[in-house]
Amino acid sequence: MTKANQSLAEPAMADHASRSPAFILRRASERGHANFGWLDSRHSFSFGDYRDPRHMSFGPLRVINEDRVAGGGGFPTHPHADMEIISYVLDGALEHKDSLGTGSVIRPGDVQRMSAGTGVRHSEQNASKTDPVHFLQIWIIPEARDIDPSYEQKPFSAAEKRGNLRLIGSHGGRDGSVTIQRDVNFYAGLFDGTEVATHDLKPGRIAWLQIARGALLVNGTEVAAGDGLAVSEPGALRFAGGQDAEILLFDMAA
């Protein structure tokens, strides 16, 4: 249950949600880093040449890379298999082409999901020759191997996410979200000023919160762009005190 403008003290909340769950905070500065000139990338989990046995993944969440690609740069055609790959653009535009015949440009507000399944080849290029593109690349381990590859892209307006956690990805594609081949509820929210929302993490679930931009308070703890929080017990997460904050929340089966 996700509700905007609801305090933790309200009696309608379940007993397990009446307390704040403990979480592990991973600061932005602790992430892995790679810079190739055309690409400046920060890794929340081990990726490429960055290896940290303490941060290989969290549940089915395998990759969260914050990528900045210079104008005219991009990832040439390369293969993937058995992975759910999501692109979430913060600034600029990202051009996608793949062996399924899909071609699109992903802009802020869009969510792109590619199920690599039995195998797909794709490229991701900055759609501009001059301006950078800033986006999050997210990988989720699917529930089954060797599924048919597929592609999906949907827009979600700022109004839908303003002071609220908007479901943008889910196992069954609920409420107009993109479909993820895993028991994951993927939310995005925008918070500024007095806007407040809570999220009830139920027993048997874990959550990862990624701060995409800005700053806010999570259960009274200050977090800022690039920070991540791992939550492994049930309870209520409260988001308040936003300063131009954009957050992504992954609520997953443990």
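Going by the structure above, here's the rest.
The structure reproduced in this document is the subject of the present report. (Residues numbered from 1 in each chain as written. Predicted model: local features only at pLDDT ≥ 70, side-chain atom pairs only at ≥ 80, totals over all residues. Heavy atoms only, no water.)

## Points about the sheet that holds strand S4 (residues 39–43)
Strand order in the open sheet formed by seven strands is S3-S4-S5-S12-S7-S10-S13, with antiparallel pairing between adjacent strands. With one partner strand each, in any of the chains shown, strand S3 (32–35) and strand S13 (150–155) form the two edges of the open sheet. Across the sheet, the mean angle separating the axes of adjacent strands is 15° when strand polarity is ignored. (Pairing = 2+ DSSP bridges. Helix = DSSP H or I, 4+ residues; strand = E, 2+ residues; numbered from the N terminus. Axes fitted to C-alpha atoms, helices over the stretch in contact; angles between N-to-C directions.)

## Examining the pattern of salt bridges
Throughout the structure, instances matching the rule amount to 15 salt bridges. Between Arg145 and Asp82 there is a salt bridge, and its shortest N-O distance comes to 3.2 Å. Residue Arg145 is found in the loop between strand S12 (133–140) and S13, and its partner Asp82 is found in the loop between strand S6 (74–80) and strand S7 (84–91); the two are separated by 63 residues along the sequence. Classification of Arg145 by relative accessible area gives exposed; the value is 64%. One salt-bridge network, in which partners are shared between bridges, spans Arg31, Glu66 and Arg68. (Salt bridge = Lys/Arg side-chain N within 4 Å of Asp/Glu carboxyl O. Buried < 20%, exposed > 50% of the residue type's maximum accessible area, 1.4 Å probe, protein only.)

## Brief notes about the environment of Gly92
Tracing the sequence through the fold places Gly92 in the loop between S7 and strand S8 (94–98). Its relative accessible area of 33% is what places Gly92 among the partly exposed residues. Along the chain, Gly92 and Ala225 lie 133 residues apart, while their C-alpha atoms are 18 Å from each other. For Gly92, the residues in contact, after removing those within four places along its chain, are Ile106, Arg107, Pro108, Pro132 and Val133. (Contact = heavy atoms within 4.5 Å.)

## Re the sheet that holds strand S11 (residues 120–126)
The strand order across the open sheet formed by four strands is S6-S11-S8-S9, and the pairing between neighbours is antiparallel. Looking along the sheet, the strands with just one partner apiece sit at the ends: S6 and strand S9 (103–106). Put simply, the sheet's adjacent strands are angled 20° from each other on average, direction ignored. As defined by bridge partners, S8 adjoins S9 across four bridges and the pair is classed as antiparallel.

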